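# Understanding the architecture of this molecule
What follows is the residue order along each chain.
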Amino acid sequence: MDLQARKIVIIGAGHVGSHAGYALISQGLAEEIVLIDIDRKKAEAQALDLFDATLYLPSRTLVRAGDYQDAADAQLLIVAAGPLPDMSKGQTRMDTLRQTIAIMKDVTASIRTSGFSGIILSISNPADVVAHYIQHQLNWEPRRVLSTSTTLDSARLRRALAQAIGVDQKSVTAYALGEHGESQMVPWSAASIAGKPLPQLRAEQPDTYGQLDLDAIAANGRAGGWVILGGKGSTEFGIGASIAEVVRAIFHDEDRILPVSVLLEGQYGQQGVYASVPARLNRHGVAEILELTLTEEEQAQFAASCKTMRENFRLALTL
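We now turn to the structure provided with this report.

In terms of helices and strands, the protein carries 9 helices and 12 strands. Relative to its length of 319 residues, the protein is compact, with a C-alpha radius of gyration of 19 Å against a globular reference of 20 Å. When the 319 residues of the protein are sorted by exposure, 53% land in the buried category. Long-range contacts, defined as pairs at least 24 residues apart, comprise 69% of the intrachain contacts of the protein with a sequence gap of at least 6. A distance of 2 Å separates the average location of the 29 positive side-chain charges in the protein from that of its 36 negative side-chain charges.

Right under this line is the structure:
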């Protein structure tokens, strides 16, 4: 019996790339992980540190530094290269676009000649625009290029909502959609607590659920990354776990529905733009895009977020 080893290449061995690697090996999601970084010494150090950890983890994973030729037989490639927003200058994720695209020009050129033919998971910011740029530059099948985007924002939103109502966050279903950034929106009409729609709970219990400040809760979730970035200079564990969740859905062929950034081609009334929406993920990548029934106000908010990303994608093509 021929058992194919699961191999992942991670481009970028900084905080996010290395923590993605740790989440993947700690959850036994790959037999081999290769780190690529322009700073070869750093990639080698991160790989060695991660490989040392595997001795005391349940599953064995070979972790090493390498180059783009190592991607030829990999099933998944994670793009984690690029700068963090400079909070001292008031930068947003979108403000790093120029710097990130300069890096992505080299990354996409290297991917093109590497022989890689698998699924690309981009987490470099601005997440949605960069995923679209990669897909466009490589002329890749859209279902095989996606971004974690609001996978993490949705976790932060669920945490904020759960704290506000006093239940465990795993009992909450809610999505942040659109941009992994300032224009993201929350379709509260699709939120539920243990399967019961939040709008119904607010109508039935006006003195408790009806008193929730939904705008403040959405802002709390949206600001989560900035709180972490301001406190310690980077986000690591949450994005690492989010990446692992998406990779598990793909490698285990789960048909799991997660909020990820995908190319919209008519869904939600949007055309030719990457935006985060609930999507069914399996070994083929994006198998299906699910369309939530949004209210008129929510549809307008989502369209505004897509407008932001569409304009910045056009800008990216000129850089």
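On to the side chain of Ser 242, then. Inspection of the secondary structure puts Ser 242 in helix H8 (residues 237-251). Residue Ser 242 is classed as buried on the basis of its relative accessible area, which comes to 7%. Polar contacts involving the side chain of Ser 242 include one to the main-chain carbonyl oxygen of Gly 238, which spans 2.9 Å.

Relative to the helices and strands, Gly 12 resides in the loop between strand E1 (7-11) and helix H1 (15-26). Remark: the alpha-carbon pair of Gly 12 and Ile 36, spanning 24 residues in sequence, is separated by 5.9 Å. Residues contacting Gly 12, with those up to four places away along its chain left out, are Gly 17, Ile 36, Asp 37, Ala 80 and Ala 81.

Right, let's talk about the nonpolar core for a bit. Among the nonpolar cores identified, the biggest contains 83 residues, and Ile 8, Ile 78, Val 247, Leu 281 and Phe 302 are the most heavily contacted of them. A total of 8 residues in this core trace back to one element, the largest contributor, which is H8. Membership of the second largest hydrophobic core comes to 18 residues, among which are Leu 157, Leu 161, Ala 174 and Val 186.

For Asn 312, the position within the fold is in helix H9 (residues 296-316). Setting aside anything within four residues of it in sequence, one finds Asn 312 in contact with Met 94, Leu 97 and Val 129.

Next up on the list: the pattern of salt bridges. In this structure the tally under the stated criterion is 16 salt bridges. In this structure, Arg 6 and Glu 31 form a salt bridge, with 2.8 Å as the shortest nitrogen-oxygen distance. Linking Arg 6 in the segment before E1 with Glu 31 in the loop between H1 and strand E2 (32-36), this pair joins segments that are 25 residues apart in sequence. One salt bridge connects Glu 141 with Arg 144, and the closest N-O pair in it is separated by 3.1 Å.

Definitions and cut-offs
- Residues numbered from 1 in each chain as written.
- Predicted model: local features only at pLDDT ≥ 70, side-chain atom pairs only at ≥ 80, totals over all residues.
- Heavy atoms only, no water.
- Helix = DSSP H or I, 4+ residues; strand = E, 2+ residues; numbered from the N terminus.
- Rg over C-alpha atoms; globule rule 2.2 N^0.38 Å.
- Buried < 20%, exposed > 50% of the residue type's maximum accessible area, 1.4 Å probe, protein only.
- Contact = heavy atoms within 4.5 Å.
- Lys, Arg positive; Asp, Glu negative; His and termini not counted.
- Charge placed at Lys NZ, Arg CZ, Asp CG, Glu CD.
- Polar contact = N/O pair within 3.5 Å; in protein donor to acceptor, adjacent residues only side chain to side chain.
- Core = buried A, V, L, I, M, F, W, Y, C linked by side-chain atoms within 4.5 Å.
- Salt bridge = Lys/Arg side-chain N within 4 Å of Asp/Glu carboxyl O.

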